[in-house]
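# Observations on chain architecture
Spelled out from the first residue to the last, the chains are:
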Amino acid sequence: IKHGSGNQYRACIRDSNQKDGEALFLQENMIREALTMRWFTLYLQPIYLANSPNLDAPELLGAEVLIRLEHPELGLIPPNDFIPAAEKTGQIIEIGNWVLEEAAVILCEWQKQGFSTRYLSVNASVVQFRDHGLLHQLESLLERYPINPTKLVIEVTENLMLDNEESLRYQLKEIRKLGVNLSLDDFGTGFSCLSYLHELPFGTLKIDRSFVMNVETNPRDKKLARVIVDMASSLGMQIVVEGIEQRGQAEIFQAMGVRAFQGYHFARPMPQKVFEARFSPAADTRLSQLRSQKG
Ligand code: C2E
Ligand code: MG
Ligand code: MG
Ligand code: MG
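Before going into details, it helps to say that this report is about the structure given with it. Please read all numbers here as calculations on a predicted model, not as lab measurements. (Residues numbered from 1 in each chain as written. Chains lettered and ligands numbered in written order. Predicted model: local features only at pLDDT ≥ 70, side-chain atom pairs only at ≥ 80, totals over all residues. Heavy atoms only, no water.)

### Quick word on the pattern of salt bridges
Short version of the rule: Any Lys or Arg side-chain nitrogen found within 4 Å of a carboxyl oxygen on Asp or Glu counts as a salt bridge. Every helix listed is a DSSP run of H or I at least four residues long, and every strand listed is a run of E at least two residues long, numbered separately from the N terminus. For the exposure calls, accessible area comes from a 1.4 Å probe over protein chains only, and a residue counts as buried if that area is under 20% of its type's maximum, exposed if over 50%, partly exposed in between.
Within the structure shown, the criterion is met by 10 salt bridges. Taking the shortest distance from any N to any O, the salt bridge between Glu 242 and Lys 206 comes out at 3.7 Å. Of the two residues, Glu 242 sits in strand E8 (residues 238-242) while Lys 206 sits in strand E7 (residues 204-207), which places them 36 residues apart along the sequence. On the accessibility criterion, Glu 242 (11% relative accessible area) is buried. Here Arg 209 makes a salt bridge to Glu 245, at a shortest N to O gap of 4.0 Å. You can see Arg 209 sitting in helix H7 (residues 209-212) and its partner Glu 245 sitting in the loop between E8 and helix H9 (247-255), a full 36 residues away along the chain. Connected through shared salt-bridge partners, Glu 64, Glu 155, Lys 206 and Glu 242 make up one network.

### Here's the deal with the coordination of the magnesium ion (ligand 2)
Keep this limit in mind: Keep in mind that water is not among the atoms, so a site may look incomplete; donors are the N, O and S atoms within 2.8 Å of the metal, or 3.2 Å for Na, K and Ca.
For the magnesium ion (ligand 2), the full set of protein donor atoms is Glu 64 (OE), Asn 123 (OD1), Glu 155 (OE) and Asp 185 (OD), at a range of 2.0 to 2.2 Å. Taken in chain order, the donor set of the magnesium ion (ligand 2) reads E-x58-N-x31-E-x29-D. Distance-wise, the magnesium ion (ligand 3) is placed 3.9 Å from the magnesium ion (ligand 2), both being coordinated by Asp 185. On the criterion of sequence distance, the pair formed by Asn 123 in strand E4 (residues 119-123) and Glu 155 in strand E5 (residues 152-157) is long-range, its members being 32 residues apart. The class for Asn 123 is partly exposed, based on a relative accessible area of 31%.

### So, the packing of helix H4 (residues 92-112) against helix H5 (residues 133-144)
Heads up, the condition is: Axis geometry follows a simple rule: fit a line to the C-alpha atoms, using only the stretch in contact for helices, then measure angles between N-to-C directions, giving values from 0 to 180 degrees. Oblique is the label for every angle not falling under 35 degrees (roughly parallel), over 145 degrees (roughly antiparallel), or within 65 to 115 degrees (roughly perpendicular). When the near helix sits turned anticlockwise from the far one by under a right angle, the crossing is termed left-handed; a clockwise turn instead gives a right-handed crossing. Residue contacts are counted whenever heavy atoms from the two residues lie within 4.5 Å of one another. When residue character is reported, Ala, Val, Leu, Ile, Met, Phe, Trp, Tyr, Cys and Pro are called nonpolar, Asp, Glu, Lys and Arg charged, and the others, Gly included, polar.
At a minimum axis separation of 11 Å, H4 and H5 run at an interaxial angle of 25°. Comparing their axes, H5 and H4 come out roughly parallel. With respect to the hand of their crossing, H4 and H5 are arranged in right-handed fashion. Note on element contacts: H5 touches H4 through Leu 134, Gln 137, Leu 138, Leu 141 and Arg 144, opposite Asn 97, Leu 100, Glu 101 and Ala 104. Of the residues belonging to the contact of H4 with H5, the class tally is 5 nonpolar, 2 polar and 2 charged.

So, in structure tokens, the structure goes:
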């Protein structure tokens, strides 16, 4: 078996020409090693409910699970550098199942700690829908863990909806029947075919960062954002705006009626352990004491 050294791997992801069989081969080996050696690790990024007009003391709604590969030589490798390869080789199925297991454990823990309203959002790739794999995996998960299924959210990207085939629609509906919630990720980056929105069981729509970046300066982006928000609201969907880096961006969306935010302005993705320490029951008590002292 040909193994890629760290440097070879680094070089191959840099000029990652997806047609390059050799690069894919190196990535495949790297991913296999990472699975065996347990180099994958989860970061959590808070999703907040900002109710006050000044965006102060936003309340934690939940978190999105974001995977990283913690390589002993290369350091932290972001998902965009290995998920596409894992989708090509099919390894995303094993990775995705691992992520779901970990997510179930986290949710169990939260429920034990009394955080019964907190939700956990997990990204799923289109490959995981093959042969009804994701549906079966979720069924199995709910049998094995005593979690409230409504607190598990599966995010699928808008682009996935392009192959709007029967099997995919079927699975989305079945997943929803399990009680698991569905979120349409990266909305606005694909073809935004609005017709499927009301047919498919998505409870949440995540507005992509690309709309947020220039919302303060580009009137056209702001108009488009408003159209998306109005449309999603009229369909009864929840809206989460992702990629909020500036307070002003959040204020604009807040004026449109959006309340749920995710982005560096509020909090960056953080290692699971850091998240747990920051949002533990003890930290929660301290926070509410602080709040009541203030108010
Ligand atoms: P995504 O699902 O759209 O996740 C949001 C991405 O935006 C994350 O990048 C997050 O770190 C980043 N982000 C959040 N707030 C901000 C902000 O204010 N500014 C900027 N510049 N970025 C922000 P990340 O963690 O690198 O993940 C990239 C993508 O990788 C994700 O996009 C998702 O599509 C994919 N991904 C991550 N974890 C998994 C996984 O477990 N399974 C699968 N299939 N895909 C995953
Ligand atoms: Mg996502
Ligand atoms: Mg997204
Ligand atoms: Mg994305």
